[in-house]
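Working through the structure, step by step
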Amino acid sequence: MEESALEALQVLNEICSKKDLSKDNRKKAVAILLKLSDDINNAKQVVEYLMKLHYSACSTYFNQAATELSDEQLTAIVGAFRANEQFQKEKPQNVLYPKGFGSVLSLTKAAKYELAFSIFNCILLRSESGSQFAEGCKNNFKKTIIDANGLSFIQKLFEVVNADSFEAKSFDKRRFERFLDAVVDRTVTLTAEASTVSSAAASQSKTAKKEEQALTPLVNEDEKPKSTVAQIPQGSLAKIETTQSEILSALRKLTENRTAIDSLSLQVQKKDAEIAAAQAMLREKEKQLSTASLELKKSKDELSSSEAQVSDLTDRLRTSLNMDEISKNQELVTLKNDISEALKLDYSDFMGTKSSECSQDLFEAYRSTLTRIFKLLKRFGITCE
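Residues numbered from 1 in each chain as written. Predicted model: local features only at pLDDT ≥ 70, side-chain atom pairs only at ≥ 80, totals over all residues. Heavy atoms only, no water.

1. Focus on the overall build of the protein
Within the protein one finds 14 helices and two strands. When the 385 residues of the protein are sorted by exposure, 28% land in the buried category. Accessible surface, the protein: about 26,100 Å² in total, of which carbon and sulfur atoms supply 54%. (Helix = DSSP H or I, 4+ residues; strand = E, 2+ residues; numbered from the N terminus. Buried < 20%, exposed > 50% of the residue type's maximum accessible area, 1.4 Å probe, protein only. Areas by Shrake-Rupley, 256 points an atom, 1.4 Å probe, with all protein chains shown as cover.)

2. Here's the deal with the confidence of the model for the protein
Looking at the protein as a whole, the pLDDT averages 81, with 85% of positions reaching at least 70. Confidence, expressed as mean pLDDT per element, reaches its minimum in the protein at helix H12 (residues 187-215) with 42 and its maximum at helix H10 (residues 151-162) with 94. This stretch, residues 186-232, has a pLDDT under 50; its non-local contacts, to residues over four places away or in other chains, come to 20 contacts. (pLDDT = per-residue confidence, 0-100. Contact = heavy atoms within 4.5 Å.)

3. Focus: helix H7 (residues 96-109)
With 14 residues, H7 ought to run about 20 Å at 1.5 Å a step, and its terminal C-alpha atoms sit 20 Å apart, in line with that. Judged by how many residues are buried, H7 sits mostly within the fold: 13 of 14 residues are covered. Remark: alanine 111 follows H7 within two positions and exhibits a positive phi of approximately 65°. (Expected span 1.5 Å × (residues − 1).)

4. Describing the packing of helix H5 (residues 71-83) against helix H8 (residues 113-127)
At a closest axis distance of 10 Å, the pairing of H5 and H8 adopts a crossing angle of 0°. In this view, H5 runs roughly parallel relative to H8, as classed from their interaxial angle. On the side of H5, the interface is formed by Leu74, Thr75, Val78, Phe81 and Arg82, while H8 contributes Leu115, Ser118, Ile119 and Cys122. Counted by class, the contact of H5 with H8 contains six nonpolar, two polar and one charged residues. (Axes fitted to C-alpha atoms, helices over the stretch in contact; angles between N-to-C directions. Parallel < 35°, antiparallel > 145°, perpendicular 65-115°, else oblique. Nonpolar A, V, L, I, M, F, W, Y, C, P; charged D, E, K, R; others polar.)

5. Topic: unusual backbone geometry
A negative phi holds for most residues other than glycine; trans holds for most peptide bonds. Despite not being glycine, alanine 111 shows a phi value in the positive range, around 65°. Structurally, alanine 111 can be placed in the loop between H7 and H8. In this structure alanine 111 comes out as partly exposed when scored by relative accessible area, which is 43%. Non-glycine residue aspartate 164 carries a positive phi angle of around 60°. You can see aspartate 164 is positioned in the loop between H10 and helix H11 (170-183).

6. Focus: the pattern of salt bridges
Applying the stated criterion across every chain, the model contains 13 salt bridges. Ionic pairing is found between lysine 271 and glutamate 274, a salt bridge with its closest N-O pair at 3.8 Å. With a gap of three residues between them, lysine 271 and glutamate 274 both fall in helix H13 (residues 228-352), about one helical turn apart. You can call glutamate 274 partly exposed: its relative accessible area is 48%. Taking the shortest distance from any N to any O, the salt bridge between glutamate 364 and arginine 367 comes out at 2.9 Å. Taken together, the positions of glutamate 364 and arginine 367, both in helix H14 (residues 360-379) and three residues apart, correspond to about one turn of that helix. The exposure class assigned to arginine 367 is partly exposed, which follows from its relative accessible area of 45%. (Salt bridge = Lys/Arg side-chain N within 4 Å of Asp/Glu carboxyl O.)

7. So, the packing of aromatic side chains
Evaluation of the coordinates by the stated rule reveals 16 aromatic pairs. Geometrically, the ring pair formed by phenylalanine 120 and phenylalanine 141 is edge-to-face, given 6.3 Å between the ring centres and 70° between the ring planes. With phenylalanine 120 in helix H8 and phenylalanine 141 in helix H9 (residues 135-146), the pair connects residues that are 21 residues apart, well separated along the chain. For phenylalanine 120, a relative accessible area of 0% translates into the label buried. Three or more aromatic residues joined by ring pairs form one cluster here, namely Tyr97, Phe101, Phe117, Phe120, Phe133, Phe141, Phe158, Phe166, Phe176 and Phe179. One Lys or Arg, lysine 52, reaches over the ring of tyrosine 49 and ends 5.0 Å from the middle of that ring. (Phe/Tyr/Trp six-rings, centres within 6.5 Å; stacked < 30°, edge-to-face > 60°. Lys NZ or Arg CZ within 6 Å of the ring centre and 35° of its normal.)

8. Considering the side chain of arginine 26
Relative to the helices and strands, arginine 26 resides in helix H2 (residues 23-36). Although arginine 26 is buried, it forms no salt bridge, and the closest oppositely charged side chain is aspartate 24 at an N-O distance of 8.6 Å. If near-sequence neighbours (up to four positions away) are discounted, arginine 26 is found in contact with Leu21, Ser56, Ala57 and Thr60. (Lys, Arg positive; Asp, Glu negative; His and termini not counted.)

9. With respect to a nonpolar patch on the surface
Where nonpolar side chains cluster on the molecular surface, the patch consists of Ile247, Leu248, Leu251 and Leu254 and spans about 340 Å² of accessible area. Along the chain, leucine 254 falls in helix H13. Residue classification places leucine 254 among the exposed positions, given a relative accessible area of 52%. (Patch = residues over 30% accessible without salt bridge, like charges linked within 9 Å, V, L, I, M, F, W, Y side chains within 5 Å.)

Dropping the structure here:
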């Protein structure tokens, strides 16, 4: 790495070590991280630094990255952001909510809707329990999004997601809608719609009365049927009541459908959780298998090395034994030759007196010869005791 890059990382580490993040330090940190982001291979490192910095740095970084980085570079950063261990496992209040929502808002403002939703959906998956969302999640959303006048951008994101501008699962869309219902008072819209219906009904009633009044002068009092005045408003009111009944019926059906959808969503979430658990178990087993394979390879290498050592020692032992045997045979031959040389004279004297008659002198000579022979054998290491 170049010296300037090393200096930049040193500055970044110094900024991360400070408890308070000033505006100038945030600008410096973001500038360094954007420079690092030019290389896709640095995505993981960039995200690790984002996790060390104040959550406001995430918003600033993604706000600039959305316009300065290519789609490929930005996608790599967002992928590393979602996969980061702190983002996945740390306390949501510390990392997931503040840094996640801030990043979502910045990406949404830049119209990077698919990347924004990928982070937003991760947050909702972790914060949802049953059909309810954690209070910390809702409070952070209000603080990070609503209080920052960012709700309109999130609503735009909701519209884009539901318009199928990119591929999104239906139960993820419904989860998004449930969350908005939980944090935003959307009953105002329903009240307005009900008011509109009532106004329309009242308008129809007034129109019917005006028609009645307009028709009345055209008819002679004596010839006018007595029931005419009552018939016109009653028919209009009947239509209004029918329309209202249809609306109420549709609302009830919508409520029933929503209940059924929520029930199915819970089942889907359970299945998703089971799939996630199975995938986690599979990854763990694959990791164990990989570790076992490495250990097996190491054991095979050690066994092969041991076998080579045994083979080498066996060859050396065999050579040593052969050498010992040759040495012993040589020593034996030498011993025989030495004994033969030492007994030559005594053997010659014996052969010379072999045919002589036994006498006292000859006996003494033989005894002396035997004594020398036994001494000689003892000297050569041969004992008869």
